[in-house]
Amino acid sequence: VSDRREIARSLNLAGSVHAMLGRYAQSELAFEQALAILHDAGDHRGATSVLNNLGELARLRGDYQLAVERYHEALAIARRLGDRDGEMAYLSNLGGARVGLAEHAAAVADLQQVIAMAGSAGWSNLSETYRFLASAYLAQGQLPEALAAAQRALELGMSAGAQEYLA
């Protein structure tokens, strides 16, 4: 009960559950409480996860500008810490939010950077990156590129067996 970092992790998890249930106000409150605890504890790596979750919450609400701001915060910290997996996750999510803002060229650049960073080793969330990329290409009228990205997203989702990526 006195371990502040575990309390923050629990609040982060509770915030994620609230978000999945569509309880966005409760989700935001839990995330903000977790973030405050992690900042006080100097846990920068933990804070990036919560910032990303706040970005995802903003994106779910359709507040793409706030999502971009949160992802930028998380991305800056991840880069400073050398957290390559975090950097790919936050940059991919940033690309998705930029699609929501109709910043399609910037989204494509971000998403292609994630794909390049993942390289041949891949990355577990690459299916979502390709889904965002397909949306960006589609909005720009680049239909062959959009189709290829969507097909790659589906292939990666199938190989991962991740139902959310198949849908």
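Just so you know, these numbers come straight off a predicted model, no measurement behind them.

What counts as what
- For every chain, the first residue of the written sequence is number 1, and numbering continues from 1 along that sequence.
- Owing to the predicted nature of the model, reporting of local features is limited to residues with pLDDT of at least 70; listing and counting of side-chain atom pairs is limited to 80 or more, with chain, interface and lining totals taken over all residues.
- The side-chain quantities take in all heavy atoms of the structure and omit both hydrogens and water.
- Think of a nonpolar core as a cluster: buried Ala, Val, Leu, Ile, Met, Phe, Trp, Tyr and Cys residues, connected wherever their side-chain atoms sit within 4.5 Å.
- Buried residues are those whose accessible area, probed at 1.4 Å on protein chains only, stays under 20% of the maximum for their type, while exposed residues exceed 50% and partly exposed ones sit between those limits.
- Secondary structure elements follow DSSP: runs of H or I no shorter than four residues count as helices, runs of E no shorter than two count as strands, and numbering proceeds from the N terminus.
- For this analysis, residues touch if any pair of their heavy atoms sits within 4.5 Å.
- Helix span is expected to be 1.5 Å times the residue number reduced by one.
- Starting at the helix axis, one direction is taken to each C-beta atom, and the arc is that of these directions.
- To count toward a patch, a residue needs a relative accessible area over 30% and no salt bridge; like charges are then connected within 9 Å, while nonpolar side chains (Val, Leu, Ile, Met, Phe, Trp, Tyr) are connected within 5 Å.
- Each accessible area value is a Shrake-Rupley result obtained with a 1.4 Å probe; residue values ignore everything except the protein chains displayed when judging cover.
- The working definition used for a salt bridge is a side-chain nitrogen of Lys or Arg within 4 Å of a carboxyl oxygen of Asp or Glu.
- To obtain each axis, a line is fitted to C-alpha atoms, and for helices this fit is confined to the stretch in contact; angles are then taken between N-to-C directions over 0 to 180 degrees.
- By definition in this entry, angles of less than 35 degrees are roughly parallel, angles greater than 145 are roughly antiparallel, angles of 65 to 115 are roughly perpendicular, and the rest are oblique.
- We call a crossing left-handed when the near helix sits turned anticlockwise from the far one by less than a right angle, and right-handed when that turn is clockwise.
- Here the nonpolar group is Ala, Val, Leu, Ile, Met, Phe, Trp, Tyr, Cys and Pro; Asp, Glu, Lys and Arg are the charged ones; every other residue, Gly included, is treated as polar.

Brief notes about the nonpolar core
Counting residues in each nonpolar core, the largest one holds 48 residues, and the members touching the most others are Val50, Trp123, Leu126, Tyr130 and Leu133. When contributions to this core are tallied by element, the ones reaching two or more residues are helix 1 (4-20), helix 2 (24-41), helix 3 (44-61), helix 4 (64-81), helix 5 (84-100), helix 6 (104-118), helix 7 (126-139) and helix 8 (143-160). Excluding anything up to four places from it in sequence, Val50 contacts Asn12, Phe31, Ala34, Leu35 and Leu38.

Here's the deal with helix 8
Given 3.6 residues per turn, any residue in an α-helix points the same way as the ones three and four places further on. Taking 1.5 Å per residue as the helical rise, helix 8 with its 18 residues ought to reach 26 Å, and the 26 Å between its terminal C-alpha atoms agrees with that figure. Of all the residues in helix 8, the buried ones are Ala146, Ala149, Ala153, Leu156 and Gly157. Buried residues of helix 8 fall within an arc of 100 degrees about the axis and therefore sit on the same side. Across helix 8 from its buried face, at more than 90 degrees, point the exposed residues Leu143, Pro144, Leu147, Met158 and Ser159. Among the residues trailing helix 8, Gly161 stands out with phi positive, at a value near 70 degrees.

Observations regarding a nonpolar patch on the surface
A cluster of nonpolar residues, Leu13, Val17, Met20 and Leu21, forms a patch on the protein surface that exposes about 450 Å² of accessible area. By the secondary structure assignment, Val17 is in helix 1.

Some thoughts on the side chain of Arg70
Tracing the chain through its elements places Arg70 in helix 4. Residues within four places of Arg70 in sequence aside, it is in contact with Glu32, Leu35, Leu51, Leu54 and Gly55.

Some words on the packing of helix 3 against helix 5
Viewed as axis vectors pointing N to C, helix 3 and helix 5 meet at an angle of 20 degrees, and their least axial separation amounts to 11 Å. By the angle between their axes, helix 3 is roughly parallel relative to helix 5. For helix 3 against helix 5, the interelement crossing comes out left-handed. Residues Thr48, Ser49, Asn52, Glu56 and Arg59 of helix 3 pack against Tyr90, Asn93, Gly96 and Ala97 of helix 5. Taken together, the residues of the contact of helix 3 with helix 5 sort by class into two nonpolar, five polar and two charged.

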